[in-house]
Amino acid sequence: MALYDMSPQVINDKLPLTEPVLLILLSLASEPQHGYAILKDIERMSNGRVVLSTGTLYGALRRLLEDDWIERFEEEDTSRGKQAYRLTPQGRRNLQLEIDRMKQITRLASLRVALKER
Amino acid sequence: MLRVYRKLLRLYPTEYRELFGEEMIAVLLQERDENANRKLAARARLALREIAGLVGGALHEHVRVRFEFRDVLFLYDGRFTMRNGFRFPKATAVLMTIILAGVIVAIRKGEVIATTLPPFSQPVTPVHPAHSYLLPGVIAGILFFYAVGLAGWAIVFALRRSGVHRLADVSGEQH
């Protein structure tokens, strides 16, 4: 197998993800979140480098909902019945694929750079 | 500001607004409350980013609905609105101020010239027929350059999407 496996099974037409989409999925990986919490989490995860606007966030959420990567549900423990988002099994699988892809690239990059330095 | 956001939300397609409208307003409210004590410049930056996001998002949604563009969002995420925050270069602000000053000076200058000239009494004559022949040529020229620009943009865009431009970076390693 090639070091960087680019077969269709590994790299589907949705990968690689853009950084903001990856961060949205990572934000939902550990627990479900509502819109504002996702925005803040992305800002924290990227050390303030990625700051999404509300319009951009919801554009991405709509697309992820449409592709069945995430799902929307009503939080029960809040008085206002806030809508929250969580990863679907498909979304989690795709996130894992993206992480594996990035690991392979990192490994390849490390090898290439080490070869150059010799 | 919330009133502006509500107005901008109306730019979105109805279906989208019904699904996310109230939720987006709740997020904008939370953001506004959290940033209430920040400096005016920071709040202005935030407002600009939100306005740009809402306008860009609404435009994108209409294009998507109208042309049934499914994949445009991932492209849009990376290339347009989903940049790392909204940055308004300082150089642009300086340039815009210079241009504005230039326009004001030109208007003032025009007014001065107008007052010094004798009143214009000659009747305005229609454009000479010979001049009208130039118009189709000018329009054709504009269309030509527009088409060339569009084709160039399409080629650059296709190369960027395919990643072909990066081949030059790796080809050196193969020698």
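Everything below is about the structure shown above.
Residues numbered from 1 in each chain as written. Chains lettered and ligands numbered in written order. Predicted model: local features only at pLDDT ≥ 70, side-chain atom pairs only at ≥ 80, totals over all residues.

S.K.: Give me the nonpolar core: which residues, what numbers.
M.R.: If you look at the biggest cluster of nonpolar residues, it comprises 31 residues, and the most contacted ones within it are Ile24, Leu57, Leu61 and Ile70 of chain A. Looking at this core, the elements that each hand over two or more residues are helix H1 (19-30), helix H2 (35-45), helix H3 (54-66) and strand S2 (83-87) of chain A together with helix H1 (2-9), helix H2 (14-34) and helix H3 (40-67) of chain B. Ignoring anything within four residues of it in the chain, the contact list for Leu61 of chain A reads Ile70 and Tyr85 of chain A. (Core = buried A, V, L, I, M, F, W, Y, C linked by C-beta atoms within 7 Å. Buried ≥ 20, exposed ≤ 12 C-beta atoms within 10 Å, placed from the backbone. Helix = DSSP H or I, 4+ residues; strand = E, 2+ residues; numbered from the N terminus. Contact = placed C-beta atoms within 7 Å.)

S.K.: Residue-level account of H2 of chain B, with values.
M.R.: Residue and element names in this part refer to chain B. Helix length check: H2 (21 residues) gives 29 Å between terminal C-alpha atoms against 30 Å at 1.5 Å per residue, within 8%. The largest bend along H2 measures about 55° and falls at Phe20. Buried residues of H2: Tyr16, Phe20, Met24, Val27, Leu28 and Glu31, and no others. (Expected span 1.5 Å × (residues − 1). Bend = angle between axes of the 7 residues up to and from the residue.)

S.K.: Account for the environment of Leu26 of chain A, naming residues and giving values.
M.R.: Mapped onto the secondary structure, Leu26 of chain A falls in helix H1. On the neighbour-count criterion, Leu26 of chain A (17 C-beta atoms within 10 Å) is partly exposed.

S.K.: So what's going on with H1 of chain A? Which residues, and what values?
M.R.: Side chains of residues three or four places apart in an α-helix project in the same direction, reflecting 3.6 residues per turn. With 12 residues, H1 of chain A should reach 16 Å at 1.5 Å per residue; the first-to-last C-alpha distance of 18 Å fits that figure. Within the sequence span of H1 of chain A, burial applies to Pro20, Val21, Leu23, Ile24, Leu25, Ser27 and Leu28 of chain A.

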